[in-house]
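What the coordinates show
Here is what each chain is made of, one letter per residue.
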Amino acid sequence: MQILPSGHRPAHGLALAPFRGLRYAQDRVSGLAEVTSPPYDVIAQDAAVQLRAADPHNVVRLILPRNGHGNPGGAYADAARLFRQWQDEGILVTDDRPALYVYEQARPGGEVLQRGLIGALLLCPYEAGTVLPHEDVAPGPVTGRRQLMETTDANLEPIFLLYDGDGADGGAASRLVGQVAGARDPLLKIATGDGIRHRLWAVTDPAEQASAAADLASRQALIADGHHRYAAYLQLQARKRAAGAGAGPWDAGLALLVDSAAFPPQIGAIHRSVPGLSLADATAAAAAAFTVRPLPGAASNGLPFMLNELREAAAGGIAFVVAAADGQACLLTDPEPGAVAAAMPDRSERWRWLPAAVLQELLLGRLWGVTDDEASVGVHHDAAHALAAAGGPRPGVAVLCPPLSAADVR
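So, how was this worked out
Residues numbered from 1 in each chain as written. Predicted model: local features only at pLDDT ≥ 70, side-chain atom pairs only at ≥ 80, totals over all residues. Heavy atoms only, no water. Helix = DSSP H or I, 4+ residues; strand = E, 2+ residues; numbered from the N terminus. Polar contact = N/O pair within 3.5 Å; in protein donor to acceptor, adjacent residues only side chain to side chain. Contact = heavy atoms within 4.5 Å. Pairing = 2+ DSSP bridges. Axes fitted to C-alpha atoms, helices over the stretch in contact; angles between N-to-C directions.

**What to know about the side chain of Glu157**
With respect to the helices and strands, Glu157 occurs in the loop between helix H5 (139-152) and strand E7 (159-163). There is a polar contact of 3.4 Å between the side chain of Glu157 and the backbone nitrogen of Tyr40. Beyond its immediate chain neighbours, meaning those up to four positions away, Glu157 contacts Pro38, Pro39, Tyr40, Ile63, Arg145, Arg229, Tyr233 and Leu254.

**So, the sheet that holds strand E17 (residues 396-400)**
An order of E13-E15-E14-E17-E12-E16 is seen for the six strands of this open sheet, with the pairing classed as antiparallel. Both outer strands of the open sheet, strand E13 (291-294) and strand E16 (378-380), are each paired with one neighbouring strand and no more. The average angle at which neighbouring strand axes cross in this sheet is 25°, direction not considered. Two elements, strand E14 (residues 319-323) and strand E15 (residues 329-333), share five bridges in a ladder whose sense is antiparallel. Bridging from a neighbouring strand, Ala323 pairs with Ala329 of E15. Packing against the sheet, helix H10 (residues 298-314) makes contact with E13, E14, E15 and E17, and its axis sits at approximately 165° to E14. Its contacts with the sheet put helix H13 (residues 355-367) on strand E12 (271-275), E14, E15 and E17, and the angle it makes with E14 is roughly 50°.

**What to know about the environment of Pro393**
One can find Pro393 in the loop between helix H14 (383-389) and E17. Taking the C-alpha atoms as reference, Pro393 lies 29 Å from Leu148; in sequence the two are 245 residues apart.

Structure, rendered in structure tokens:
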């Protein structure tokens, strides 16, 4: 469907356009909580099975499609057929009017975790400085997300971006979000199994949409989650243009924008698993540049003990826990400055001392000789999953990492 606004995008800054959202018909599913899902890249296999069992129309069947005919490449085609079928059957219904959507997540008791605007974000190349990435991407996931978008002709889940909108009483977009959430009845509200309350409103007034657009036109945003999907947006756009297509829906991507001044982000850690590397070899190599301390209580006290040791050590500097699946673990701290500089000779001092940079360039790359990509390293948002992966078909180690601060990310 056409999701581009009339008129021109701003020369600098963000352009978030209204669009006609495709939503579940609430009377056609067992419940909205039963058909929703976390983002595709944080769903473990057992969780995917549970989501599929929750309702035959759970969105996980679209964002993580399985192919039952022995043809892995056909999974996206199956998702596209299912997507069309749900629309034909009235399971998914298109809203009547183009809207910007206010979306809110809150804890039990009403504490708002985040609240922002969902819309069609006009795409900008990274060099324009409007949309800022903070992670590299792996080619495989980018291609997979792009193929799913092409086959279904849809953006099935939004990326998540943070921008500095001067707080709830600052910019017009942030004020609009607060006013809508504070005074209007939502289109829908649900509580998911983790207790989080979700609410959604539609802003269809052209004057309100224009006010938000004018405010965002002077802003830049940081990708908080969705680097591979944004890269897939750009890849899809490039393919369309190479094929001679003019302007179209491929010039925008579904996005949630949250004012980080109003709702400071809570950034989770991203852990690694490295198959085929023993704990003894890992720590022996790491000792060339780190202080290595065994954690004798890890095997008996488990993951909570490891994470507590990591938390305390990371409060005083860079720290990682390297662990085997049987619970044996060591704490790595105090990377040697000369080794850090040698691993990143072309980077600034600030960059060199980011924990993520030390992990990727010094520990993984220089000391272990491992490339931080999907072929060599597992990426996990959950420490338990990283530890379990270390005991996989090629037993290895898990690297438990502290979360980055928002300031470090920016």
